Amino acid sequence: MTCVTQVVSAGPSELSRAAEVIRAGGLVAFPTETVYGLGANAFDAAAVARVFEAKGRPATNPVIVHVSKVEQVDDIASGLPAIARRLAERFWPGPLTLVLPRGPRIPDIVAAGGPTVAVRLPAHPVARALLDASGVPLAGPSANRSTCLSPTRAEHVLRGLSGRIDMVIDAGPCPGGIESTVIDVTTSPPTLLRPGLLPLATIQEVVGDVTSRPTVASPVARSPGQMTRHYSPLTPIEFAPDDGRRRVVELIDQGLRVGWLAFEGSQIAGLSSAAIESMPDEPASYAARMYDALHRLDLAGVDRIVVALPPEGDAWLAIHDRLGRMG
Ligand code: TXA
Ligand code: MG
């Protein structure tokens, strides 16, 4: 499958062209407050099949459906349990995805044949404008090739999907930088399927107990976002138990070109041959920059990326989750 991928701005005429592409069964990558998504009409099984093909995504991994109004959930899910209603009222629009009982209009391919469907009402004004202009819910996985780094800029989308999708709406970097939190509300208590931009503690303030592991035998079948290798750079990556400097020096001495995902304030003197990204030590700021920094290191032509391991603690849960799948 090849096509010319148009890059457009988020002006009114570009958005109406993008909406036409969606209605005609095409693929449009769009910004959200988390990462760029790859949009297709969620009611159009053939369009969603193109999403899977463009991403190289296994058919066993269901996609999130995006809406711009809570009322639209009625077209997608066969009910909004009370706990889901509370979560939606409190956190939508925003970086929370709810797994709900699947409604009859959702094609098999969206739900990977399963009984549930994941729904999110994003906050990003361009995502909402595209949804409103299209008039249909958008199936929207992250706009990257399967298992690769997620995109937080239009350039990242093109890196993986140029020539495979019809259009990218470039509205600059995504502010959040890491994917939404996925909560299954068909279980009691609800189950955290993927930690993300909305902290678990904030969700627990509203619904109390949340199970952190799936209650079914196979986590992979339950939410393939929990697959082990995912979200990865192409360059081999390793994690240092400390700030990473010792390992960087060791690898340079072995003759390797090294990229270092370091923390601000690390001792970088004498490492002019390394490609260094200095990360903030506050988790939300780190998340906002993580994929972008890793894309840059990946493009720097290094042989190895060394990551200084972030601190433990709930606030770093989503970051540990993503880094933990990159090795
Ligand atoms: O922030 C985000 O969530 C971004 C933006 C574009 O909205 N989207 C995103 O989509 O990250 P994707 O497809 O890359 O990740 C969706 C996650 C996967 O872990 C998938 O397995 C899970 O949600 N998921 C989707 N539908 C599901 C379902 N019915 N049951 C369980 N997990 C589901
Ligand atoms: Mg993804």
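What you see is a predicted model; the values in this text were computed from it and never measured. (Residues numbered from 1 in each chain as written. Chains lettered and ligands numbered in written order. Predicted model: local features only at pLDDT ≥ 70, side-chain atom pairs only at ≥ 80, totals over all residues. Heavy atoms only, no water.)

Explanation requested: the nonpolar core in the structure shown.
Note on soluble globular proteins: their nonpolar side chains tend to be buried together. Ranked by internal contacts, the top residues of the largest apolar core, which has 33 residues, are Tyr-286, Met-290 and Leu-294. At the level of secondary structure, the elements contributing two or more residues to this core comprise strand E11 (237-240), helix H10 (245-253), strand E12 (258-263), helix H11 (283-299), strand E14 (304-308) and helix H12 (317-324). In terms of residue count, the dominant contributor to this core is H11 (seven residues). Discounting chain neighbours no more than four positions away, the residues touching Met-290 are Ile-178, Met-279, Ile-319, Arg-322 and Leu-323. (Core = buried A, V, L, I, M, F, W, Y, C linked by side-chain atoms within 4.5 Å. Buried < 20%, exposed > 50% of the residue type's maximum accessible area, 1.4 Å probe, protein only. Helix = DSSP H or I, 4+ residues; strand = E, 2+ residues; numbered from the N terminus. Contact = heavy atoms within 4.5 Å.)

Sorry, what's going on with the site of ligand 1 here?
Around ligand 1, the surrounding shell holds 26 residues, and the nearest of these are Thr-34, Arg-57, Asn-61, His-66 and Ser-180. In this structure, an oxygen atom belonging to ligand 1 sits 2.6 Å away from a side-chain N or O atom of Thr-34. Relative to its free-state accessible area of 680 Å², ligand 1 is covered by the protein chains to the extent of 97%. When contributions to the shell around ligand 1 are tallied by element, the ones reaching two or more residues are strand E4 (64-66), strand E6 (116-120) and strand E10 (191-194). Take the shell around ligand 1: its biggest share by element is four residues, from E6. Its residues assigned to classes, the shell around ligand 1 shows eleven nonpolar, ten polar and five charged. (Near = heavy atom within 4 Å. Polar contact = N/O pair within 3.5 Å; in protein donor to acceptor, adjacent residues only side chain to side chain. Areas by Shrake-Rupley, 256 points an atom, 1.4 Å probe, with all protein chains shown as cover. Nonpolar A, V, L, I, M, F, W, Y, C, P; charged D, E, K, R; others polar.)

Would you explain the packing of aromatic side chains in this entry?
Aromatic ring pairs: the centre-centre distance and the angle between the two ring planes describe each pair. In total, this model carries three aromatic pairs according to the counting rule given. Centroid distance Phe-263 to Tyr-286: 5.5 Å. Interplanar angle 35°. Geometry classified as tilted. Linking Phe-263 in strand E12 with Tyr-286 in helix H11, this pair joins segments that are 23 residues apart in sequence. Arranged with centres 5.4 Å apart and planes meeting at 70°, the rings of Tyr-286 and Trp-316 form a pair that is edge-to-face. Placement of Tyr-286 in helix H11 and of Trp-316 in the loop between E14 and H12 is noted, with a sequence separation of 30 residues between them. We note that Tyr-286, like Trp-316, is buried. By way of ring pairs, the aromatic residues Phe-263, Tyr-286 and Trp-316 are connected into one cluster. (Phe/Tyr/Trp six-rings, centres within 6.5 Å; stacked < 30°, edge-to-face > 60°.)

For this particular structure, what's the right way to read the sheet that holds E12?
The four strands are arranged E11-E14-E12-E13 in an open sheet whose pairing can be described as parallel. In this open sheet, the two strands that pair with only one neighbour each are E11 and strand E13 (275-279). Direction aside, neighbouring strands of the sheet carry axes that sit 20° apart on average. Sheet contacts for H11: E11, E12, E13 and E14; angle to E13, the most-contacted strand, approximately 180°. (Pairing = 2+ DSSP bridges. Axes fitted to C-alpha atoms, helices over the stretch in contact; angles between N-to-C directions.)

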